[in-house]
Amino acid sequence: MLLGLSGLLIGYDGRYTFESGDKYPPGLFYTGMRAFCALFGAMMVPLGFYTGIQLNLSILASTFLALMVML
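Quick caveat, the model's predicted, so the values are computed rather than measured.

About the criteria used
- Residues numbered from 1 in each chain as written.
- Predicted model: local features only at pLDDT ≥ 70, side-chain atom pairs only at ≥ 80, totals over all residues.
- Heavy atoms only, no water.
- Helix = DSSP H or I, 4+ residues; strand = E, 2+ residues; numbered from the N terminus.
- Polar contact = N/O pair within 3.5 Å; in protein donor to acceptor, adjacent residues only side chain to side chain.
- Contact = heavy atoms within 4.5 Å.
- UniProt positions renumbered as here; feature names shortened; annotations may be inferred.
- Phe/Tyr/Trp six-rings, centres within 6.5 Å; stacked < 30°, edge-to-face > 60°.

A.B. asks: How should I be thinking about the side chain of Ser-6 in this particular structure?
C.D. replies: Looking at where Ser-6 falls in the secondary structure, it is placed in helix 1 (residues 2–10). Side-chain polar atoms of Ser-6 contact the backbone oxygen of Leu-3, separated by 2.7 Å. Beyond its immediate stretch of four places on either side in the chain, Ser-6 contacts Met-33 and Phe-36.

A.B. asks: Mind showing me how you'd approach the UniProt feature "domain: ArnT-like N-terminal" (unreviewed entry) in the chain here?
C.D. replies: When the UniProt feature table is mapped to this numbering, "domain: ArnT-like N-terminal" (unreviewed entry) covers residues 1–71. Structurally, residues 1–71 is divided into 65% helix and 0% strand, and its ends, taken at the C-alpha atoms, are 23 Å apart.

A.B. asks: Got a minute to help me understand the packing of aromatic side chains in this structure?
C.D. replies: Geometry of an aromatic ring pair is reported as the spacing of the ring centres plus the angle between the planes. Summed over all chains, the structure comprises seven aromatic pairs. Ring plane angle 45 degrees and centroid distance 4.8 Å describe the contact between Phe-36 and Phe-40, whose orientation is recorded as tilted. Of this pair, Phe-36 and Phe-40 both sit in helix 2 (residues 30–54), four residues apart, which is roughly one turn of the helix. Through a chain of ring-to-ring contacts, three or more aromatic side chains come together here, namely Tyr-12, Tyr-16, Phe-18, Tyr-24 and Tyr-30.

Structure below.
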């Protein structure tokens, strides 16, 4: 669903199928889709840490939780 949202936000119309080895068409802003996914992936680490804090885990356990999410 997040990939669909990223495509909607950058204006992807669904015509390009992203076949392996194909050249991207000139109007396709694929870096926006990649940046969107990278941003959400990076935001998961502090979210995991703060979730551990909200569950009354220790700082060490919350840090370990964030490390597990990161790896």
